[in-house]
Amino acid sequence: MLKITKNTLLSDIISNKKFQKILAKYQVPCLTCPFAIFEIQNLTLKEVCETYNLDLKKLLKELNKTIK
């Protein structure tokens, strides 16, 4: 994975333990939501952040920092 963007699907990053920690830090509820399994294939990070009023810029910055 070269870079995580606002259009990255949650399903593409959620299995990575490092990313899970960051998502949990930002309180992304999809990690524990029982319905996420049905939606996760189509949810982008932008949609998740908009829905739950999360700071997309900060989240992307921290996720991408772990790739380097």
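Please read these numbers as outputs of a predicted model, since none were measured by experiment.

1. Some details on the overall build of the protein
And step 1. For the protein, the helix and strand inventory stands at five helices and zero strands.
And step 2. Helices (α) and strands (β) of the protein occur, in sequence order from the N terminus, as α-α-α-α-α.
And step 3. Taken over the C-alpha trace, the protein has a radius of gyration of 11 Å; the compact-globule value for 68 residues is 11 Å, and the two agree within 12%.
And step 4. The principal-axis extents of the C-alpha atoms in the protein amount to approximately 30 × 20 × 20 Å.
And step 5. Counting only residues that meet the buried cut, the protein has 37% of its 68 residues in that class.
And step 6. Of all intrachain contacts in the protein linking residues separated by at least 6 positions in sequence, the fraction that spans at least 24 positions is 64%.
And step 7. Roughly 5000 Å² of accessible area belongs to the protein as shown, and the carbon and sulfur atoms make up 54% of that amount.
And step 8. Side chains of the protein carry 12 positive and 6 negative charges; the gap between the two charge centres is 11 Å.

2. Observations regarding helix α5 (residues 56-67)
An α-helix turns once every 3.6 residues. As a result, residues three or four positions apart point the same way.
And step 1. Taking 1.5 Å of rise per residue, twelve residues should cover 16 Å, and α5 covers 17 Å from first to last C-alpha, within 8% of that figure.
And step 2. Along α5, the positions that sit buried rather than exposed are Leu-59, Leu-60, Glu-62, Leu-63 and Asn-64.
And step 3. The elements touched by buried residues of α5 are α1 (10-13), α2 (17-25) and α4 (45-52).
And step 4. Put simply, Asp-55 is the residue that caps the front of α5, since its side-chain oxygen is 3.2 Å from the backbone nitrogen of Lys-57.

3. Quick look at the packing of α2 against α5
And step 1. Two numbers describe how α2 lies on α5: the axes approach to 10 Å, and their chain directions differ by 160 degrees. By the angle between their axes, α2 is roughly antiparallel relative to α5. Considering how the two elements wind past one another, α2 and α5 form a crossing that is right-handed. Seen from α2, the contacting residues are Phe-19, Ile-22, Leu-23 and Lys-25; seen from α5, they are Leu-59, Glu-62, Leu-63, Thr-66 and Ile-67.
And step 2. Of the residues assigned to the contact of α2 with α5, the class counts are six nonpolar, one polar and two charged.

4. Section: unusual backbone geometry
And step 1. Within the chain, Gln-27 stands out as a residue other than glycine whose phi angle is a positive 60 degrees.
And step 2. Examined against the element boundaries, Gln-27 turns out to sit in the loop between α2 and α3 (36-39).
And step 3. Backbone geometry places Asn-53, a non-glycine residue, at a positive phi of 55 degrees.
And step 4. For Asn-53, a relative accessible area of 73% corresponds to the exposed category.

Parameters at a glance
Residues numbered from 1 in each chain as written. Predicted model: local features only at pLDDT ≥ 70, side-chain atom pairs only at ≥ 80, totals over all residues. Heavy atoms only, no water. Helix = DSSP H or I, 4+ residues; strand = E, 2+ residues; numbered from the N terminus. Rg over C-alpha atoms; globule rule 2.2 N^0.38 Å. Buried < 20%, exposed > 50% of the residue type's maximum accessible area, 1.4 Å probe, protein only. Contact = heavy atoms within 4.5 Å. Areas by Shrake-Rupley, 256 points an atom, 1.4 Å probe, with all protein chains shown as cover. Lys, Arg positive; Asp, Glu negative; His and termini not counted. Charge placed at Lys NZ, Arg CZ, Asp CG, Glu CD. Expected span 1.5 Å × (residues − 1). Polar contact = N/O pair within 3.5 Å; in protein donor to acceptor, adjacent residues only side chain to side chain. Axes fitted to C-alpha atoms, helices over the stretch in contact; angles between N-to-C directions. Parallel < 35°, antiparallel > 145°, perpendicular 65-115°, else oblique. Left-handed = near helix turned anticlockwise from the far one by under 90°. Nonpolar A, V, L, I, M, F, W, Y, C, P; charged D, E, K, R; others polar.

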